[in-house]
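Listed here are the chains, written in short residue letters.
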Amino acid sequence: MCGIVGYVAGADTSGAKDIIINGLRRLEYRGYDSSGIALYKDGKFETRKSVGGLENLEKLVDDPEFDSYMGIGHTRWATHGVPSNANAHPHSNEDETVTIIHNGIIENYLELREMLAEKHGVKFKSETDSEVIAHLIGVNYEGDFLQAVHKTVDMMRGAYALVTVCAHEPDKIIGVRKDAPMIAGIGKGCNFIASDIPALLEHSKEVLIVENNETIIVTKDDIQILGADRKPVTREPLHITWDVDAAEKGGYDHFMLKEIHEQPEGIKDTLMKRLKDDDTINLDGIEMTKEDIEGFNKVYIVACGTAYHAGLVGKAAIEKMARIPVEVDVASEFRYRDPFVDDKTLFIAISQSGETLDTLAALREAKNKGARILSVVNVVGSSVARESDDVVYTWAGPEIAVASTKAYTTQLVCMYLIALFMGKVKGSIDDKYYKEIIAELKTIPGKVSEILNREGIIKDAAERFFNKNDIFFIGRGPDSGVSLEGSLKLKEISYINSFAIAAGELKHGTIALMDEKTLVIALDTQDFLFEKMLSNIKEVKARDAYVIALAKDGHTDIEREADEVIYIPECRDELTPLLSVVPLQIFAYYVAKCRGCNIDKPKNLAKSVTVE
Ligand code: F6R
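Residues numbered from 1 in each chain as written. Predicted model: local features only at pLDDT ≥ 70, side-chain atom pairs only at ≥ 80, totals over all residues. Heavy atoms only, no water.

> Any chance you could break down the overall build of the chain for me, citing the residues and the numbers?
When you go through the chain residue by residue, the secondary structure sums to 19 helices and 25 strands. Taking 612 residues into account, the globule formula puts the C-alpha radius of gyration at 25 Å, and the chain, at 26 Å, falls close to it. If one aligns the C-alpha atoms of the chain with their principal axes, the spans along those axes are about 80 × 55 × 45 Å. Long-range pairs, those at least 24 residues apart, make up 71% of the contacts in the chain with a sequence separation of at least 6. (Helix = DSSP H or I, 4+ residues; strand = E, 2+ residues; numbered from the N terminus. Rg over C-alpha atoms; globule rule 2.2 N^0.38 Å. Contact = heavy atoms within 4.5 Å.)

Shown next, in the form of structure tokens:
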């Protein structure tokens, strides 16, 4: 997500400004909407920040007088609060003795904000959760910076890579890590702290990885790590052999593979940060009463491409849990068909970028007709988010590969949460069902990791079939929606002609295409449709097609019909799309790799489609 760079050298040196901004530039590939820098000057930390690209910040700091031997810098990807100068990091406390930069989310920031305002009269300058940290360290400071930082993190709940400096102790940078990456780099007469390796690769190849709940104190001569128990830890530095390009991808060959592997974390963040201790859902403060929900006579889910496929899963979930009819439409069709929308319609837009023109135009159409607009968006402050009544953010982090992966699975989590939330408030699901689904959702990150551990089996299949000209995907129920997504992934990055169809529809025409050259990927993950899908597999086998089936662990009966089987962990039928899509993403990735395609930037495609 956001980028962090900190640098400290001897007090008789300068040049921190360029080193920090160059480090931030190395993190630009991750995406950001604003940036900022704080340098120690004349007894205090002076902060400058700006929305937009780093070139805006560079203009602001284009002043030879503004430089130092130490400082911290940040690129922000908005989560709480729109992209703006005020919300950009660094943030300071009121007397500007403490300055911080932060990646992650402070779950209890509202509570802390209230406490700071009531007890200490703090006036906040931004809408961010992060600003509370600077004020807290300030009020906790009693002559010892490290103690104040520890006292503060003990009051915080959530995920953070926190980096802070203090005007009373300007020789050091302190970092604390919990569930967000942080590293330190060993320099010559200087040391670094950063969120990611590319930020410091130009200056240091000796890197210390900071583990969860550890604190790091960085001075020009020393990097001290304290464990979760706050006692010193010794750690050998890692010697980094990657070049900058490999480092940006975290050692993966492509962003797409990196993002596929980020899914357990993305799913966990999107889910867990919305579950209160008693497992009730906090849907980002959205107010939707029983009367509101009973007042909706229809839900429209409108999106494009992968996001539309997430909508198909959302439809099944909302219809099952909230018992309201749902229509899913591609945005480019919806906007031109004079849809039945009025003030009794709930309109849900799904969009990773939040800038897709078709989705935005459909949203405006629905808004004009009086619908309540709820959006599921990844990019905070994007147009779709701004123009919606309510927003549920996917918190997938920046998605760089054109082919969407982690945005899709986190969109699914949001759709399940919306459906559960509506069902619970409306009373259309009972407590037992609610608890079972929540309990199952919590197992999903671990199960996705389990599938990622089986990557070799899927890679092997891709290496045997990458030369196919036609690949079909079939499935029933939720599997039919996931088939569409698997097929889209494959065609967009491998350029193979691929087609997905509800398995029961095959016999009405498409089965005519099956012959011994056809590869069929048959999804059979639904217990209640298992036998029916076996019949569909038999149908295509009878036309000599080769079948790779996807089934849940233990459903070995399928081996009788399919030529080979890829298994996913056991899971309730409703939630299998969160798992079954992952082998399809991996398959598409390795097929494209074997074919030598430009995986992260496929031909003819753009990450954000802002034209009609
Ligand atoms: C496919 C893909 C596209 C997008 C579509 C909508 O991998 O990425 O199909 O899903 O262009 O984009 P967003 O979600 O940004 O509205």
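> For the sheet that holds strand 16 (residues 298-303), give the residues involved together with the corresponding values.
Read across the sheet, 5 strands follow the order 17-16-18-19-20 without closing on themselves; strand pairing throughout is parallel. Strands with a single pairing partner mark the edges of an open sheet, and in this sheet they are strand 17 (326-330) and strand 20 (390-393). Sheet twist, expressed as the mean angle between neighbouring strand axes with direction ignored, is 20 degrees. Where strand 16 and strand 17 come together, 5 bridges link them in parallel fashion. From the neighbouring strand, Val-302 faces strand 17, where its bridge partner is Asp-329. Taken strand by strand, helix 12 (residues 357-368) contacts strand 16, strand 18 (345-351) and strand 19 (372-377), and its axis lies near 165 degrees from that of strand 18. (Pairing = 2+ DSSP bridges. Axes fitted to C-alpha atoms, helices over the stretch in contact; angles between N-to-C directions.)

> Give a detailed account of the domain arrangement of the chain, specifying residues and quantitative values.
A common measure of how large an interface is: the accessible area buried when the components associate. Domain annotation for the chain reports domain 1 (3-246), domain 2 (249-452) and domain 3 (455-594). Here the C-alpha centre of domain 3 lies 25 Å away from the C-alpha centre of domain 2. Each side of the interface is counted separately: domain 2 has 33 residues, and domain 3 has 27 residues. Of the roughly 2700 Å² buried where domain 2 meets domain 3, counting both sides, 71% is carbon and sulfur surface. The partner of Glu-436 in a salt bridge is Arg-572, with the nearest N and O atoms 2.8 Å apart. Here domain 2 is connected to domain 3 by 14 residue pairs in polar contact (both at pLDDT 80 or more). Those elements giving two or more residues to the side of domain 2 that touches domain 3 turn out to be helix 7 (255-261), helix 8 (263-272), helix 10 (305-322), helix 14 (406-426) and helix 15 (431-453). At 11 residues, helix 15 tops the list of elements feeding residues into the side of domain 2 that touches domain 3. (Domains from an automatic or database assignment. Buried area = accessible area lost by both parts, 1.4 Å probe. Salt bridge = Lys/Arg side-chain N within 4 Å of Asp/Glu carboxyl O. Polar contact = N/O pair within 3.5 Å; in protein donor to acceptor, adjacent residues only side chain to side chain.)

> Describe the site of the ligand, listing the residues and the values that go with them.
Contacts to the ligand come from 13 residues, most closely from Ser-351, Gln-352, Ser-353, Thr-356 and Glu-492. Take Thr-306: an N or O atom from its main chain is 3.1 Å from an oxygen atom of the ligand. At a separation of 2.6 Å, an oxygen atom of the ligand approaches a polar backbone atom of Gln-352. In the complex, 89% of the free accessible area of the ligand, which totals 400 Å², lies under the protein chains. Only helix 10 and helix 17 (478-494) provide two or more residues apiece to the shell around the ligand. The element that contributes the greatest number of residues to the shell around the ligand is helix 10, accounting for 3 residues. Here the residues of the shell around the ligand sort into 4 nonpolar, 7 polar and 2 charged. (Near = heavy atom within 4 Å. Areas by Shrake-Rupley, 256 points an atom, 1.4 Å probe, with all protein chains shown as cover. Nonpolar A, V, L, I, M, F, W, Y, C, P; charged D, E, K, R; others polar.)

> If you had to explain the side chain of Glu-564 to someone new, which residues and values would you point to?
For Glu-564, the position within the fold is in strand 25 (residues 564-568). Accessibility expressed as a relative area gives 16% for Glu-564, which makes it buried. Of the polar contacts made by the side chain of Glu-564, one reaches the side chain of Tyr-546; its length is 2.5 Å. Residue contacts for Glu-564: discarding those within four places in its chain leaves Ala-461, Arg-464, Phe-465, Tyr-546, Val-547, Ile-548 and Ala-549. (Buried < 20%, exposed > 50% of the residue type's maximum accessible area, 1.4 Å probe, protein only.)

> Could you give me a rundown of the packing of aromatic side chains, with the residues and numbers involved?
Going through the model one piece at a time under the given rule, you end up with 8 aromatic pairs. For the pair Tyr-40 and Phe-45, a centre-to-centre distance of 5.1 Å together with 55 degrees between the ring planes defines the contact as tilted. By relative accessible area, Tyr-40 is classed as buried at 16%. We classify Phe-45 as buried; its relative accessible area is 2%. Between Tyr-589 and Tyr-590, the ring centres sit 4.8 Å apart and the planes meet at 80 degrees, which makes this aromatic pair edge-to-face. The class of Tyr-589 is buried, set by a relative accessible area of 0%. Of the aromatic side chains, those joined through ring pairs into one cluster are Tyr-40, Phe-45 and Tyr-69. The ring of Trp-395 carries the charged tip of Arg-274 above its face, separated from the ring centre by 4.0 Å. (Phe/Tyr/Trp six-rings, centres within 6.5 Å; stacked < 30°, edge-to-face > 60°. Lys NZ or Arg CZ within 6 Å of the ring centre and 35° of its normal.)

> An account of the pairing of strand 8 (residues 173-178) is requested, with residue identities and associated values reported.
Most of strand 8 sits inside the fold, with 5 of its 6 residues counted as buried. Direction of pairing for strand 7 (residues 158-166) relative to strand 8: antiparallel, over a ladder of 5 bridges. Each bridged residue has a counterpart across the sheet, and for Val-163 the counterpart in strand 8 is Gly-175. Summarising the sheet, strand 8 and strand 12 (residues 215-218) pair through 4 bridges and their orientation is antiparallel. Residue pairing for strand 12: Gly-175 is matched across the bridge by Ile-216.

> I'd like a rundown of the side chain of Lys-17, residues and numbers included.
Assignment of secondary structure puts Lys-17 in helix 1 (residues 16-25). The buried charged residue Lys-17 lacks any salt bridge, with Asp-18 as its nearest oppositely charged partner at 5.2 Å. Not counting chain neighbours up to four residues away, the residues in contact with Lys-17 comprise Ile-37, Leu-39, Val-61, Asp-63, Phe-66 and Asp-67. (Lys, Arg positive; Asp, Glu negative; His and termini not counted.)

> Account for empty space enclosed by the protein, naming residues and giving values.
Counted according to the given criterion, the structure contains 2 cavities of 30 Å³ or more. Here the largest cavity is characterised by a volume of approximately 90 Å³. In this structure, the largest cavity is lined by 14 residues; those nearest its centre are Cys-2, Trp-77, Thr-79, His-102 and Gly-104. Its residues assigned to classes, the lining of the largest cavity comprises 5 nonpolar, 7 polar and 2 charged. Roughly 50 Å³ of volume is contained in the second largest cavity. Considering the residues around the second largest cavity, the lining is formed by Ile-521, Ile-548, Ala-549, Leu-550, Ile-566, Pro-583, Leu-584 and Phe-587. Secondary structure elements with two or more residues in the lining of the second largest cavity: strand 24 (546-552) and helix 19 (577-594). When grouped by side-chain class, the residues that make up the lining of the second largest cavity number 8 nonpolar, no polar and no charged. (1 Å grid on protein atoms, 1.4 Å probe; cavity = no way out; pocket = protein on both sides within 12 Å on 5 of 7 lines; lining within 4 Å. Points joined across faces, edges and corners; volume = space filled by probe spheres on them.)

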